[in-house]
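# Topology and contacts: notes
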2 protein chains.
Amino acid sequence: MTMTISDLTARPGAWLAVGTDEGPVVSSRIRLARNVRDVAFPGWAGVEECDRLWRRLCPALEQVPSLQVATSLSMGDLSELDKEILFERHLISREHAGKGKGSGLVFRDDERLSVMVNEEDCLRLQGMQPGMKLRSIWAEINTLDSEIENCTEYAFSPTLGYLTACPTNLGTGMRASVMLHLPGLVLMNEINPIMKGMAKIGLAVRGLWGEGTEATGNMFQISNQMTLGDSEEQIVKLVEQIAMELVVHEQNARERLMDRRGALVRDHIGRSFGILSNAHLLTSKEAMDLLSGLRLGIDMGILKSVSRRTVDALLLLTQPGHLQKKEEKALKPKDRDRYRASLVRDALNNPPPKRRNRTTAE
Amino acid sequence: MTMTISDLTARPGAWLAVGTDEGPVVSSRIRLARNVRDVAFPGWAGVEECDRLWRRLCPALEQVPSLQVATSLSMGDLSELDKEILFERHLISREHAGKGKGSGLVFRDDERLSVMVNEEDCLRLQGMQPGMKLRSIWAEINTLDSEIENCTEYAFSPTLGYLTACPTNLGTGMRASVMLHLPGLVLMNEINPIMKGMAKIGLAVRGLWGEGTEATGNMFQISNQMTLGDSEEQIVKLVEQIAMELVVHEQNARERLMDRRGALVRDHIGRSFGILSNAHLLTSKEAMDLLSGLRLGIDMGILKSVSRRTVDALLLLTQPGHLQKKEEKALKPKDRDRYRASLVRDALNNPPPKRRNRTTAE
């Protein structure tokens with residue numbers, strides 16, 4: 001293991017376009033569900049059987065070229081807080097955070113490629129990058145997939161494709177998704193019909209934290225529903241195309257907003273900034289929603305006193321896990337709200353000098 | 001006539017303790033209801049009869065020593081906007097603002113003494129001062145009352161006292177009131193039982209704009225309900241005593257708030273400042289409520305970047321009438337909200353240099 005959880009929390013995650021300017025596009029992700037031949041699915045296998053597989057796969061994955069330099073973490077060794085942080089960074093699912101001995105995570109130090117072992121399937125490969133990057137992620141994860149197959153025989157059927165614990169993942173086992181920030185469509189009250197239309201063309205819409213979560217911070221994750229029938233390239237192409245169309249809709253909505261309801265937009269952005277820079281209690285949801293207002297203000301050129309980098313960093317640092325790691329202790333929700341507000345006030349009222357931000361271009 | 005409506009709007013009103021520090025006490029008022037012997041009450045008299053009385057009383061009132069230098073305004077000559085401004089300055093009632101020819105107002109240039117002619121009664125004398133000043137107002141208005149009686153015979157009964165259009169004003173015809181700013185009791189959820197208790201000791205509670213209005217901006221006006229039976233001095237003493245008790249309750253509530261819910265108080269004050277200094281749309285009610293937060297923050301020593309003078313001035317200048325007078329045109333409610341927000345942002349982000357504020361000590 002090369003990275004610690006503290007190392008992670010000191011820097012932005014791979015899912016946030018920190019400092020880059022891709023407008024409504026936040027990040028892209030692809031995950032592949034894979035199982036090992038002649039090994040039971042994790043939900044069927046007992047802890048010992050899972051643990052045997054983890055102890056066999058972990059050293060193999062650590063050596064896979066695409067994952068260099070690799071860090072491996074056993075779920076059984078992690079505190080609840082550490083798991084929460086991995087979840088907030090989109091490195092593990094909520095379900096995986098509930099796992100213990102027998103389940104694990106191996107990830108490349110830049111967090112852009114990772115493998116969950118014994119989540120719902122034996123292996124869940126993930127590629128994740130800020131911005132609209134489905135094609136390059138597909139190239140990377142396809143290579144990773146082949147490299148893992150070199151050392152492990154996958155459960156594969158010539159007719160059904162990759163076999164998976166849940167039939168909805170059969171076939172390619174692929175889910176390609178793009179996270180979009182769509183405050184313009186929300187403010188114009190146009191988001192619901194658009195999102196309902198997604199289902200008709202085979203796409204699912206989820207909130208920031210995956211299935212069953214609401215669109216906090218005006219973040220919407222769209223992904224393919226079908227994994228069987230289409231090729232991986234077709235899936236990538238479909239999701240990318242629809243995501244690009246949503247980006248156009250969003251930018252169009254923002255223009256119409258400024259034309260027709262300029263005062264409302266300025267009010268929304270102004271209040272978001274005013275509350276964030278002066279509140280002393282902030283829940284996680286309110287912080288996300290208000291940070292969405294700042295992001296919109298920066299995208300539209302209305303808010304000039306705050307950098308996109310600051311806003312993106314706060315999106316992650318205000319999450320409960322990251323917040324508690326920074327404070328180095330467990331905090332009650334009320335204390336978290338106070339500490340979160342203080343963190344945000346400091347960041348917005350005392351922006352760090354630009355030369356200290358050196359990880360990506362502003 | 002010596003003062004114009006524009007002259008008035010360029011300066012603070014008599015009901016606001018602009019720049020003075022009386023904590024929860026905003027202002028004190030006394031009004032006396034009087035009628036003229038052998039003249040019909042205004043609600044019974046026709047317009048011509050009212051006008052005859054107004055034309056008889058107006059020059060007489062203009063000469064009354066206590067009202068020097070006096071300005072007189074006939075309701076029939078005023079625009080709706082002018083009447084709205086007089087109402088916002090508490091110089092006339094909502095009912096009087098609905099009157100036209102035959103009704104009028106005579107006031108001393110400092111607005112602290114005034115007389116409405118042909119409101120509900122032939123004469124309504126009013127004394128009004130910032131701070132807890134019931135006793136000195138009583139002395140002033142008592143003199144004014146005698147001076148007017150020297151030139152006009154009042155309708156008076158040896159058994160019932162001063163006769164009034166509404167029996168609830170019989171006797172002394174006096175209503176003494178104190179306007180209090182009670183955000184601490186509101187935040188502690190203690191205001192309702194206290195206000196309910198007022199009725200039991202013969203006091204009425206109203207909002208900022210009198211009967212039937214809610215307590216916008218956490219402003220509560222308490223006044224005597226009975227006018228018959230007690231002497232004027234007893235009424236003044238009762239209202240003053242209860243107002244002082246409420247001030248103690250309020251200060252006690254503020255201390256407990258800081259002890260037990262300090263973060264909540266700071267959050268309330270911070271958000272009030274954050275929204276006011278960044279919003280682009282503000283309704284009159286929201287502005288009042290948020291300005292209440294600033295007033296509390298200044299009283300408690302938490303908010304240092306804004307002066308009490310600025311907040312008190314904004315309380316008046318953000319009212320619809322004053323706002324439109326400043327803009328010199330009628331504004332639709334939506335435009336008022338935008339203009340109001342702009343006025344408040346400017347005042348809070350660019351405080352005027354202190355040397356320009358010369359009317360009272362800071």
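The structure under discussion appears in the preceding block.
The secondary structure content of chain A amounts to 12 helices and 10 strands. Along the three orthogonal principal directions, the C-alpha set of chain A runs to about 65 × 45 × 35 Å. Taking all 362 residues of chain A together, 59% fall into the buried category. Here chain A displays about 15,300 Å² of accessible surface, and carbon together with sulfur accounts for 51% of that area.

To continue, consider the sheet that holds strand β2 (residues 70–74) of chain A. Sheet strands pair by backbone hydrogen bonding; their relative direction is either parallel or antiparallel. Residue and element names in this part refer to chain A. Taking strand neighbours across the sheet as the criterion, the 8 strands line up as β2-β3-β4-β5-β1-β8-β10-β9 in an open arrangement whose pairing is antiparallel. Both outer strands of the open sheet, β2 and β9 (203–206), are each paired with one neighbouring strand and no more. When strand polarity is set aside, the average angle formed by the axes of neighbouring strands in this sheet is 20°. Pairing of strand β3 (residues 104–108) with strand β4 (residues 113–117) involves 4 bridges; the strand directions are antiparallel.

As a further point, take helix α7 (residues 191–200) of chain A. All names here are of chain A. If you check which residues of α7 are buried, you get I191, I194, M195 and M198. Seen along its axis, α7 keeps its buried residues to an arc of 95°; they face one direction. Facing away from the buried side of α7 by more than 90 degrees, the exposed set consists of N192, P193, K196 and K200. Buried-residue contacts for α7 involve α6 (183–187), β9, β10 (219–224) and α8 (232–276). In the stretch just after α7, G202 is the one whose phi turns positive, near 80°.

Any aromatic ring pair is given by two values, namely how distant the centres are and how the planes are angled relative to each other. Residues and elements named next belong to chain B. Evaluation of the coordinates by the stated rule reveals 4 aromatic pairs over all chains. Note on Y154 and Y162: the rings are 5.9 Å apart at their centroids and 80° apart in plane angle, and the pair reads as edge-to-face. Note on Y154: relative accessible area 4%, which makes it buried. Take Y162: its relative accessible area is 13%, and that puts it in the buried class.

Another point: the relation of the copies chain A and chain B. The two copies are related by a screw operation: chain A maps onto chain B through 180° of rotation and 0.0 Å of translation along the axis, at an RMSD of 0.0 Å. Taken together, the rotation and translation describe the operation of a two-fold axis. Among all C-alpha atoms of chain A, that of G274(A) lies closest to the rotation axis, at 1.9 Å. When the interface residues of chain A are mapped onto chain B, 100% of them are again interface residues, pointing to one common binding face.

This brings us to the environment of V265(A). All names here are of chain A. Among the structural elements, V265 can be located in helix α8. Take V265: its relative accessible area is 0%, and that puts it in the buried class. Placed 31 residues apart in sequence, V265 and L296 show a C-alpha to C-alpha distance of 9.2 Å.

What follows is about the interface of chain A and chain B. Listed as interface residues are 16 residues of chain A and, on the opposing side, 16 residues of chain B. Overall, the association of chain A and chain B removes approximately 1,300 Å² of surface from exposure, summing both partners, and the carbon and sulfur fraction of that is 62%. Where R271(A) meets E286(B), a salt bridge forms, and the shortest distance between an N and an O atom there is 2.8 Å. Sorting elements by how many residues they give to the side of chain A that touches chain B places α8(A) first, with 9 residues.

This paragraph deals with the sheet that holds strand β8 (residues 174–181) of chain B. Residue and element names in this part refer to chain B. Spatial strand order, β2-β3-β4-β5-β1-β8-β10-β9: 8 strands in an open sheet with antiparallel pairing. The open sheet terminates on both sides in strands that have one partner only, identified here as β2 (70–74) and β9 (203–206). For this sheet, the mean inter-axis angle between neighbouring strands, taken without regard to orientation, is 20°. For strand β1 (residues 25–34) and strand β5 (residues 123–130), the ladder comprises 8 bridges, and the chain directions are antiparallel. Considered in β5, the bridge of S28 is made with Q129.

Attention now moves to helix α10 (residues 308–317) of chain B. Of all 10 residues in α10(B), 8 are buried, a share of seventy percent or more. Considering only its buried residues, α10(B) is in contact with β1, α3 (80–88), β10 (219–224), α9 (284–299), α11 (320–327) and α12 (333–349) of chain B.

Here the focus is the nonpolar core. Grouped together as the largest cluster of nonpolar side chains are 204 residues, with contacts concentrated most on I30(A), L61(A), L86(A), L123(A), I30(B), L86(B) and L123(B). Ignoring any residue separated from it by four or fewer positions in sequence, one finds L123(A) in contact with L32(A), A33(A), R34(A), V36(A), L57(A), L61(A), V115(A), M116(A), V117(A), I148(A) and Y154(A).

This next bit is on the pairing of β8(B). Residue and element names in this part refer to chain B. Extensive coverage of β8 is indicated by the burial of 8 of its 8 residues. Across the two faces of β8 the burial is the same, with M174, A176, V178 and L180 and R175, S177, M179 and H181 all buried. Pairing of β1 with β8 involves 7 bridges; the strand directions are antiparallel. Residue pairing for β8: I30 is matched across the bridge by A176. One ladder, built from 5 bridges, connects β8 with β10; its direction is antiparallel. Each residue of the ladder has a partner; that of V178, found in β10, is I222.

About the thresholds
- Residues numbered from 1 in each chain as written.
- Chains lettered and ligands numbered in written order.
- Predicted model: local features only at pLDDT ≥ 70, side-chain atom pairs only at ≥ 80, totals over all residues.
- Heavy atoms only, no water.
- Helix = DSSP H or I, 4+ residues; strand = E, 2+ residues; numbered from the N terminus.
- Buried < 20%, exposed > 50% of the residue type's maximum accessible area, 1.4 Å probe, protein only.
- Areas by Shrake-Rupley, 256 points an atom, 1.4 Å probe, with all protein chains shown as cover.
- Pairing = 2+ DSSP bridges.
- Axes fitted to C-alpha atoms, helices over the stretch in contact; angles between N-to-C directions.
- Arc of directions from axis to C-beta.
- Contact = heavy atoms within 4.5 Å.
- Phe/Tyr/Trp six-rings, centres within 6.5 Å; stacked < 30°, edge-to-face > 60°.
- Least-squares fit on C-alpha atoms with pLDDT ≥ 70 in both.
- Buried area = accessible area lost by both parts, 1.4 Å probe.
- Salt bridge = Lys/Arg side-chain N within 4 Å of Asp/Glu carboxyl O.
- Core = buried A, V, L, I, M, F, W, Y, C linked by side-chain atoms within 4.5 Å.

The quantities given are spatial measurements derived from coordinates; they are silent on function.
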